[in-house]
Amino acid sequence: MDDYSDLVLGMLAVAVAAFMLVAGELYLVTRPEPPQTHAPAPPVVTSSIQ
């Protein structure tokens, strides 16, 4: 190998991929739970025709 730039770029790509995987895992582990929201009650349909 006369030119080590491919090796250096490959190692950089592996380091960036590892960093992104660790950051994504930390995000998934430490994110807050979504607030509990209840579905609104269905609307009551009344008819004016009797």
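In what follows, the structure referred to is the one given above.
For clarity, every value in this text was computed on a predicted model and none was experimentally measured.

Colleague: When you look at the overall build of the protein in this model, what are you seeing that I'm missing?
Modeller: When its secondary structure is counted, the protein shows one helix and zero strands. By the compact-globule yardstick of 10 Å for 50 residues, the protein is too spread out, its C-alpha radius of gyration being 27 Å. Each principal axis of the C-alpha distribution contributes one length, and for the protein these read about 90 × 25 × 5 Å. Here the protein holds 50 residues, and the buried ones make up 0% of them. Per element, the accessible surface of the protein, about 5300 Å² overall, is 69% carbon and sulfur.

Colleague: What am I meant to see in a nonpolar patch on the surface here?
Modeller: A cluster of nonpolar side chains, Leu 9, Leu 12, Val 16, Phe 19 and Met 20, forms an exposed patch at the surface whose accessible area comes to about 550 Å². Mapped onto the secondary structure, Leu 9 falls in helix H1 (residues 5–30).

Colleague: I would appreciate a short explanation of the environment of Val 44 in the present structure.
Modeller: Along the chain, Val 44 turns up in the segment after H1. Among the residues examined, Val 44 registers a relative accessible area of 73% and is labelled exposed.

Rules and cut-offs
- Residues numbered from 1 in each chain as written.
- Predicted model: local features only at pLDDT ≥ 70, side-chain atom pairs only at ≥ 80, totals over all residues.
- Heavy atoms only, no water.
- Helix = DSSP H or I, 4+ residues; strand = E, 2+ residues; numbered from the N terminus.
- Rg over C-alpha atoms; globule rule 2.2 N^0.38 Å.
- Buried < 20%, exposed > 50% of the residue type's maximum accessible area, 1.4 Å probe, protein only.
- Areas by Shrake-Rupley, 256 points an atom, 1.4 Å probe, with all protein chains shown as cover.
- Patch = residues over 30% accessible without salt bridge, like charges linked within 9 Å, V, L, I, M, F, W, Y side chains within 5 Å.
- Salt bridge = Lys/Arg side-chain N within 4 Å of Asp/Glu carboxyl O.

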